[in-house]
Amino acid sequence: MNDRGPFIDGRIVDLTRAAFSSIADTSKGVVPVTIEAIP
């Protein structure tokens, strides 16, 4: 994952298109996610 943000209020992370495409369809634009720390 490549965190480039956030650059918009209310968002926690802003992903590159390639990183986003690994978790969702890029046509969706914004999706809810859960962020979990991996020890």
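Right, let's walk through the structure included here. Predicted model, so just to flag it, every value in this text is computed and none were measured.

**Observations concerning the overall build of the protein**
1) Next: Scanning the protein for helices and strands turns up one helix and zero strands.
2) Next: Accessible surface for the protein amounts to roughly 3600 Å². Of this, 54% is attributable to carbon and sulfur atoms.

**Thoughts on the layout of surface pockets**
1) Next: By volume, the largest pocket amounts to about 480 Å³.
2) Next: Residue lining of the largest pocket: 17 residues in total, with Val13, Leu15, Phe20, Val31 and Val33 positioned closest to the centre.
3) Next: Classifying every residue of the lining of the largest pocket gives twelve nonpolar, three polar and two charged.

**What about the environment of valine 31?**
1) Next: Relative to the elements of secondary structure, valine 31 occurs in the segment after helix H1 (17-21).
2) Next: Spatially, the C-alpha atoms of valine 31 and phenylalanine 20 are 9.4 Å apart, while their sequence positions differ by eleven residues.

Cut-off values and rules
- Residues numbered from 1 in each chain as written.
- Predicted model: local features only at pLDDT ≥ 70, side-chain atom pairs only at ≥ 80, totals over all residues.
- Heavy atoms only, no water.
- Helix = DSSP H or I, 4+ residues; strand = E, 2+ residues; numbered from the N terminus.
- Areas by Shrake-Rupley, 256 points an atom, 1.4 Å probe, with all protein chains shown as cover.
- 1 Å grid on protein atoms, 1.4 Å probe; cavity = no way out; pocket = protein on both sides within 12 Å on 5 of 7 lines; lining within 4 Å.
- Points joined across faces, edges and corners; volume = space filled by probe spheres on them.
- Nonpolar A, V, L, I, M, F, W, Y, C, P; charged D, E, K, R; others polar.

These results come straight from atomic positions and should not be treated as a statement about function.
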